[in-house]
Amino acid sequence: MADLTPQSEAPTPTTDKITQAARETIYLCNFRVSVDGEWLCLRELNDISLTPDPEPAHEDPKDPIAIERLNLMNMAKLSIKGLIESALNLGRTLDSDYAPLQQFFVVMEHCLKHGLKSKKTFLGQNKSFWGPLELVEKLTPEAGEITASVKDLPGLKTPLGRGRAWLRLALMQKKLSDYMKTIINRKDLLSEFYEPNALMMEEEGAVIAGLLVGLNVIDANLCMKGEDLDSQVGVIDFSMYLKDGGHSSKSTEGDGQITAILDQKNYVEELNRHLSASVNNLQAKVDALEKSNTKLTEELAVANNRIITLQEDVERVKEESSYLVESSRKASRPDGTADGQVLGETRKQLKEETQLRLDVEKELEVQIGMRQEMELSMKMLEKDICEKHDALVELRQQLDDLRRLNHELSHKSQSSEISVKQKNEIVSRLEEKTNQMAATIKQLESSEKDVVKQARTLNIAAGKLLQNQQ
């Protein structure tokens, strides 16, 4: 760190850049392997002095477990931030081969393994974070689907593989933050699996659970059937999180605004997509209801025609029955000349016509009942169509509003990019002026030295002249 120490008292722009770079860089020094052989101890930035000390500082030794917790929390921050930024820049659904996503799962695995109690089995000691993750199913019934899916995966044979699959399914379900908060809030249950000073038992675990909320803006599509989750080696690649020493934070505010606008734009596009799908589904339902309405209308018209025909048949049967009754009465008179055979046939025909009339009346009642049911169903369909139409109009209005909002956000994004470019140009101009002023100051200092030398020479010459005069 001696080359980063300023040699002069007045800070220069180069010194400020070096100091800023040192503060933004993670120095991977003071590595240490703990007892379980799984953790790397990184030295904190506060332990590095950016100014020369008159005397060597003697600090008290820190708790290695606390250092591990802090390092894991910092690595989780970096991995989550890098994953969100790269996913937003990529602008598509992430898959299993995406490197920042793989590193995020590795970091989460190390966080969940920190401070685990060893369980002795007949094969030896075993450490697995699958036990704490199974608690989520008891505390949150929604997680039962994930746990059942993990247990049904055929290629998983170890608890470690099941825990890794659980993390991936929870991320795809966008519930990882909620599930982590659920188990962190129940430290009485976690004490069965973790040591008292483990990351999940301290406040660093709550911080990581809060950071996981930002991952809900990411869409991940991970296929785990052909992936070997049991034998993967979880090694953190620190080179992905090292920053360039010349990186300046002068456009942080503009980048933050652009990121916020991009998040809003992605949210609006996602909501727009869901609303478009809902509109298409409702339109399909309305078309189906219109087809069924047309079909029912045709059936109703056919039933009405059938009812009219049956009514005409009833009237005709009534007339024929009255005619037969009248003729039978005439035939039964004493002065009648008709024989008994004709009277019997007439009575038989009268019974048949009466039975036919009863059958027609029954069929007429059935048709009337069917007509009433069809009219009722038509009214219900018309009401349902009206409701669907109102909902469709409302959704279309919301879709138009979202499109207008998306358009406004795109304009804001373009204006923010223009303002950031202008700010960058202003900063570059200011840097050029600063360099020119520094060069002018150096020239003034050199001219001041020349003037001092000339004054000294004149003083010496004046002294000699005085001595000669005396």
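Before going into details, it helps to say that this report is about the structure given with it.

What counts and how
- Residues numbered from 1 in each chain as written.
- Predicted model: local features only at pLDDT ≥ 70, side-chain atom pairs only at ≥ 80, totals over all residues.
- Heavy atoms only, no water.
- Helix = DSSP H or I, 4+ residues; strand = E, 2+ residues; numbered from the N terminus.
- Contact = heavy atoms within 4.5 Å.
- Areas by Shrake-Rupley, 256 points an atom, 1.4 Å probe, with all protein chains shown as cover.
- 1 Å grid on protein atoms, 1.4 Å probe; cavity = no way out; pocket = protein on both sides within 12 Å on 5 of 7 lines; lining within 4 Å.
- Points joined across faces, edges and corners; volume = space filled by probe spheres on them.
- Nonpolar A, V, L, I, M, F, W, Y, C, P; charged D, E, K, R; others polar.
- Phe/Tyr/Trp six-rings, centres within 6.5 Å; stacked < 30°, edge-to-face > 60°.
- Buried < 20%, exposed > 50% of the residue type's maximum accessible area, 1.4 Å probe, protein only.
- Lys NZ or Arg CZ within 6 Å of the ring centre and 35° of its normal.
- Salt bridge = Lys/Arg side-chain N within 4 Å of Asp/Glu carboxyl O.
- Core = buried A, V, L, I, M, F, W, Y, C linked by side-chain atoms within 4.5 Å.
- Axes fitted to C-alpha atoms, helices over the stretch in contact; angles between N-to-C directions.
- Parallel < 35°, antiparallel > 145°, perpendicular 65-115°, else oblique.
- Arc of directions from axis to C-beta.

## Let's talk about the overall build of the protein
- Regarding its fold elements, the protein presents 11 helices and 2 strands.
- Sequence-ordered secondary structure for the protein, helices as α and strands as β, is α-α-α-β-β-α-α-α-α-α-α-α-α.
- Here the contacts in the protein between residues at least 6 apart in sequence split such that 75% fall between residues at least 24 apart.
- Split by element, the accessible area of the protein, about 30,800 Å² in all, is 53% carbon and sulfur.

## Overview of empty space enclosed by the protein
- Enumeration over the complete set of coordinates arrives at 1 cavity of 30 Å³ or more.
- The space that makes up the largest cavity amounts to roughly 50 Å³.
- If one sorts the elements of the lining of the largest cavity by residue count, helix α3 (residues 99-113) sits on top with 3 residues.
- Considered class by class, the residues forming the lining of the largest cavity number 4 nonpolar, 2 polar and 2 charged.

## Comments concerning the packing of aromatic side chains
- As enumerated under the stated definition, the model contains 2 aromatic pairs in all.
- Aromatic side chains Phe-104 and Phe-105 sit 5.5 Å apart centroid to centroid with 55 degrees between the ring planes, which places their arrangement in the tilted category. Neither Phe-104 nor Phe-105 differs from the other in exposure class; each is buried.
- Ring centres 5.8 Å apart and planes at 45 degrees place the aromatic pair Trp-166 and Tyr-179 in the tilted group. Here Trp-166 is found in helix α6 (residues 159-172), whereas its partner Tyr-179 is found in helix α7 (residues 176-184), with 13 residues between them in sequence. Here the two residues Trp-166 and Tyr-179 agree in accessibility, since each one is buried.
- The residue whose ring lies beneath Arg-168 is Phe-105, and the NZ or CZ to ring-centre distance is 4.3 Å.

## As for the environment of Glu-142
- Relative to the helices and strands, Glu-142 resides in the loop between α4 (130-139) and α5 (144-152).
- Given the relative accessible area of 48%, Glu-142 is considered partly exposed.
- Distance from Glu-142 to Tyr-179, taken between C-alpha atoms, is 9.6 Å for residues 37 residues apart in sequence.
- Glu-142 has contacts with Lys-175 and Tyr-179, leaving out every residue within four places of it along the chain.

## A look at the pattern of salt bridges
- Within this structure, the stated rule accounts for 11 salt bridges.
- Between Glu-109 and Lys-113 there is a salt bridge whose closest N-O contact spans 3.0 Å. With Glu-109 and Lys-113 both in helix α3 and 4 residues apart, the pair spans about one turn of that helix.
- Of the residues examined, Lys-113 reaches a relative accessible area of 18% and is grouped as buried.
- Ionic pairing is found between Glu-109 and Arg-164, a salt bridge with its closest N-O pair at 2.8 Å. With Glu-109 in helix α3 and Arg-164 in helix α6, this residue pair connects regions lying 55 residues apart in the sequence. In terms of burial, Glu-109 and Arg-164 fall into one category: buried.

## Concerning the side chain of Thr-140
- Along the chain, Thr-140 falls in the loop between α4 and α5.
- For Thr-140, a relative accessible area of 14% translates into the label buried.
- In contact with Thr-140, other than residues within four places in its own chain, are Tyr-179 and Thr-182.

## Some words on the nonpolar core
- In terms of nonpolar packing, the biggest core is built from 59 residues, with Leu-101, Phe-104, Trp-166, Met-180, Tyr-194, Met-200 and Leu-215 touching the most fellow members.
- With 10 residues, the single largest contributor to this core is helix α2 (residues 64-90).
- Ignoring any residue separated from it by four or fewer positions in sequence, one finds Leu-215 in contact with Ile-80, Leu-83, Ile-84, Phe-104 and Leu-171.

## Re unusual backbone geometry
- Unusually for a residue other than glycine, Lys-174 sits at a positive phi of about 60 degrees.
- Among the structural elements, Lys-174 can be located in the loop between α6 and α7.

## A few points about the packing of α4 against α5
- Packing of α4 against α5 leaves a shortest axis separation of 8 Å and a crossing angle of 135 degrees. In terms of axis orientation, α4 runs oblique to α5. On α5, the residues that touch Trp-130, Glu-134 and Glu-137 of α4 are Gly-144, Thr-147, Val-150 and Lys-151.
- Residue classes in the contact of α4 with α5 are distributed as 2 nonpolar, 2 polar and 3 charged.

## With respect to α5
- For α5, the complete set of buried residues consists of Gly-144, Ile-146, Thr-147 and Val-150. Each buried residue of α5 lies within a common arc of 165 degrees when the element is viewed along its axis, so the set occupies one face. Exposed positions of α5 whose direction lies more than 90 degrees from the buried face are Glu-145 and Asp-152.
- Buried-residue contacts for α5 involve α4, α6 and α7.

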